[in-house]
Amino acid sequence: MKRLVLISMLMAFAVTVFSQEIKNDTVVIAGGDKVEVLINNNKVKIVDTFNGLKINVYSVNENGEFEKNPYYESRYENNVASKTETRNVTINIPINPTFIKDDRSPRLNFRSFEPIYPTIYYAYSTLVGTNHLTLVRQKPSSFEWGSYFSQIKLCKNKKNTFGLTAAFGISNTYNHLDCFLGTYSHPGSNSPNSTYFYYGNDGEVVPDGFENIIDKGDIKKSYLRYWSLRLPVNAQLQWRIGGNKMAFSFGPEFEWRFEMKSKVKLEKGGKYTVSDNLAYNPFGVNALAVLSFKDFVIFGRAGLTQFFNQKYSTESLVPVNLGIGFSF
C-alpha cells in the first residue's frame, strides 16, 4: 500500500513538471500542409496553400484562448508578397521570439497647414438666369481676373489635414453681351428707374441716353464691368497623392460689388457709358469650391443671391465663374 501511494505521488510530480515545460517551451504541432508553433503566449500558424504560403501570429491570453485576429500576417500568393502587422517579430534559430513595439502607424500627417486660395487667377464669367424667363445673350469672351492677396488659417486639427480658412481678395469682371444693359427713368412718374437688357426689338423701350450713341458710329461691342471685394470662409481638407500634397476647400464667400457700369465700344474708336446707375445688389453671397495640386489651383464660384435688385429690375440672374490660378 505504501508503495502504491509513493508511485502515485511521483507520477503526479512528473505530470506537473511536464505541464510546466509545455507552457514555457516551444511546442510544434504538424499536420498535413499546416504547422502550428506555440511559443509562450503566442501562436505561429504556417499554412502551405495552392497559391503560396500564409504566416499568421496570434496572441494567447491567460485562459489559453487565441485572439480572433492575428497581430502579424505575412502572405506570399501568386508571386506577390504582402505583410500586415501591429508589432514587429524577430525570430532567431533556435526559435526565440523577441517582440518590438512599433509606434509607427500608417497615418496622414503634414508639417504645415496653409490656405489654398489662388494668389492670382483668371476665370470665365457669366450671368445665369434663375428662372426660364431670364436668358441673357452673352459672348464666350467674358472673363474675370483677380487675386486673394491675403490668406489666413482660422483653426486646424493636430495632423494638419483639416481646418477652417479665410481670405481677402479683389477682382475685376467683364461680361461681354450681345445686347445692351441700361436704365429707364419713367418720365412724369414717381416710379424708380428700371434696369433691363435692351435687344433693339420693335416695341422695346429704349434705355435713357442710348439714342445718343447712334450719332457716334456703329457699336462694336457691349459689356458690363464692375469691381468686387471678396471674403471667403471655407473648410479645407488636405491629402497626398504619391508625394504631392492636394487640398480641397468649400464654403461661402461674401462679396461687395462697386463701380458697376454698362459700356459700349464704337467701331470708330472710343467708349461710351450707357449707364452707371444700374439697380444691382452691392452685397452678395456665393458658394466657392477650390481644388489645388501643389501650386496649381482650379476653382468654381456660383452666386446664391440675386445679382440685380428685384425691386427695380425684372432680370433674375446670379453670377457664375470657373477659373484657374496659382497659389504662391
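In what follows, the structure referred to is the one given above.
Right, let's walk through the structure included here. This one's a predicted model, so the numbers in the text were calculated from it and none came from an experiment.

Points about the overall build of the chain
Link 1 in the chain: Each helix and strand in the chain was counted, giving 1 helix and 19 strands.
Link 2 in the chain: Within the chain, buried positions represent 34% of all 328 residues.
Link 3 in the chain: Here the analysis covers contacts within the chain between residues at least 6 apart in sequence; of these, 60% occur between residues at least 24 apart.
Link 4 in the chain: If you sum the accessible surface of the chain, you get close to 20,200 Å²; carbon and sulfur atoms cover 58% of it.

Focus on the environment of Ala167
Link 1 in the chain: Structurally, Ala167 can be placed in strand β11 (residues 162-177).
Link 2 in the chain: Separated by 15 residues in sequence, Ala167 and Ile152 place their C-alpha atoms 6.0 Å apart.
Link 3 in the chain: When near neighbours in sequence (up to four residues on either side) are disregarded, Ala167 contacts Tyr117, Tyr148, Ser150, Gln151, Arg230, Leu231 and Pro232.

A word on the environment of Ser316
Link 1 in the chain: Mapped onto the fold, Ser316 is located in the loop between β18 (296-303) and β19 (317-326).
Link 2 in the chain: Overall, the relative accessible area of 5% leaves Ser316 in the buried class.
Link 3 in the chain: Taking the C-alpha atoms as reference points, Ser316 and Thr305, separated by 11 residues in sequence, lie 9.9 Å from one another.
Link 4 in the chain: Of the polar contacts made by the side chain of Ser316, one reaches the side chain of Gln306; its length is 3.1 Å.

Remarks on the nonpolar core
Link 1 in the chain: Ranked by internal contacts, the top residues of the largest apolar core, which has 13 residues, are Leu181, Phe197, Leu224 and Phe307.
Link 2 in the chain: Residues in contact with Phe307, not counting those within four places in the same chain, are Leu127, Leu224, Tyr226, Arg257, Met260, Tyr280, Asn281, Leu317, Val318 and Pro319.
Link 3 in the chain: By size, the runner-up hydrophobic cluster in this structure holds 11 residues, among which are Ile116, Tyr121, Ala167 and Ala247.

Topic: a nonpolar patch on the surface
Link 1 in the chain: On the surface, Ile120, Phe248, Phe250, Leu291, Phe296, Ile298, Leu322, Ile324, Phe326 and Phe328 cluster together into a nonpolar patch covering about 1,000 Å² of accessible area.
Link 2 in the chain: Residue assignment for the nonpolar patch shows that the elements contributing at least two residues are β15 (244-266), β18 and β19.
Link 3 in the chain: The biggest single contributor to the nonpolar patch is β19, with 3 residues.
Link 4 in the chain: With respect to the secondary-structure elements, Phe250 resides in strand β15.
Link 5 in the chain: By relative accessible area, which is 48% here, Phe250 ends up partly exposed.

Brief notes about the packing of aromatic side chains
Link 1 in the chain: What the rule picks out here adds up to 15 aromatic pairs.
Link 2 in the chain: With a centroid separation of 5.7 Å and 15° between ring planes, the pair formed by Tyr122 and Phe143 is classed as stacked. With Tyr122 in strand β9 (residues 120-129) and Phe143 in strand β10 (residues 143-156), the pair connects residues that are 21 residues apart, well separated along the chain.
Link 3 in the chain: Residue classification places Tyr122 among the partly exposed positions, given a relative accessible area of 48%.
Link 4 in the chain: Between the aromatic rings of Phe149 and Phe168, the centroid separation amounts to 5.4 Å while the plane-to-plane angle is 85°, which identifies the pairing as edge-to-face. Remark: Phe168 occurs in strand β11 and Phe149 occurs in strand β10; sequence separation between them is 19 residues.
Link 5 in the chain: Cluster of aromatic residues (ring-pair linked, three or more members): Tyr117, Tyr121, Tyr148 and Phe299.

Some thoughts on the pattern of salt bridges
Link 1 in the chain: Scanning the entire structure with this criterion turns up 9 salt bridges.
Link 2 in the chain: Notably, a salt bridge pairs Asp178 with Lys139, separated by 3.9 Å at the nearest N-O pair. Placement of Asp178 in the loop between β11 and β12 (180-184) and of Lys139 in the loop between β9 and β10 is noted, with a sequence separation of 39 residues between them.
Link 3 in the chain: For Glu255, the salt bridge is made with Arg230, and the minimal N-O distance between the two is 3.3 Å. Taken together, the residues Glu255 in strand β15 and Arg230 in strand β14 (residues 219-241) connect sequence positions 25 residues apart.
Link 4 in the chain: Residues joined in a network through salt bridges with shared partners are Glu144, Arg230, Glu253, Glu255, Arg257 and Arg301.

Quick word on the pairing of β12
Successive side chains on a regular strand alternate, one facing one side of the sheet and the next facing the other.
Link 1 in the chain: Of all 5 residues in β12, 4 are buried, a share of seventy percent or more.
Link 2 in the chain: Note: β12 against strand β13 (residues 194-198), 5 bridges, orientation antiparallel. For Gly182, the partnering residue across the bridge sits in β13 and is Tyr196.

Side note on the side chain of Lys263
Link 1 in the chain: Examined against the element boundaries, Lys263 turns out to sit in strand β15.
Link 2 in the chain: Despite being buried, Lys263 has no salt bridge partner; Asp276 is the closest side chain of opposite charge, sitting 8.1 Å away.
Link 3 in the chain: Within the structure, Lys263 has its side chain in polar contact with the side chain of Thr273 (distance 2.9 Å).
Link 4 in the chain: For Lys263, the contacting residues outside a window of four places in its chain are Lys221, Ser222, Tyr223, Arg225, Tyr272, Thr273 and Val274.

A few points about the pairing of strand β2 (residues 34-39)
Link 1 in the chain: Alignment of β2 against strand β3 (residues 42-48), held across 6 bridges, turns out to be antiparallel. Of the residues in β3, the one forming a bridge with Lys34 is Val47.
Link 2 in the chain: Hairpin remark: β2 followed by β3, antiparallel, with 2 residues in the connecting loop; positive phi at Asn40, about 55°.

Cut-offs used in this document
Counting restarts for each chain, with residues numbered from 1 along the sequence as it is written. The predicted origin of the model limits local features to residues at a pLDDT of at least 70 and limits the giving and counting of side-chain atom pairs to 80 or more, whereas totals for whole chains, interfaces and linings rest on all residues. Side-chain figures throughout are based on the complete set of non-hydrogen atoms in the structure, without hydrogens or water. Each helix is a run of H or I in the DSSP string that is no shorter than four residues. Each strand is a run of E no shorter than two, and both are numbered from the N terminus. Burial classes follow relative accessibility: with a 1.4 Å probe on protein chains only, a residue under 20% of its type's maximum area counts as buried, one over 50% as exposed, and anything between as partly exposed. Any two residues having at least one pair of non-hydrogen atoms within 4.5 Å are treated as being in contact. Surface accessibility in these figures is a Shrake-Rupley result with a 1.4 Å probe; residues are shielded only by whichever protein chains are displayed. Two N or O atoms form a polar contact when they lie within 3.5 Å of each other; inside protein one atom must be a possible hydrogen donor and the other a possible acceptor, and for residues adjacent in sequence the pair counts only when both atoms belong to side chains. As used here, the term nonpolar core means buried Ala, Val, Leu, Ile, Met, Phe, Trp, Tyr and Cys residues forming a set that is joined through side-chain atoms within 4.5 Å. For patch building, the residue pool is restricted to those with more than 30% relative accessible area and no salt bridge; the joining distance is 9 Å between like charges and 5 Å between nonpolar side chains (Val, Leu, Ile, Met, Phe, Trp, Tyr). Any Lys or Arg side-chain nitrogen found within 4 Å of a carboxyl oxygen on Asp or Glu counts as a salt bridge. Between the rings of Phe, Tyr and Trp (Trp by its six-membered ring), a pair exists once the centres lie within 6.5 Å; its type follows the angle of the planes, with under 30 degrees stacked, over 60 edge-to-face, and the other angles tilted. A pair of strands is labelled paired if DSSP reports no fewer than 2 bridges between them. In this count, Lys and Arg are taken as positive residues and Asp and Glu as negative ones, while His and the chain termini are left out.

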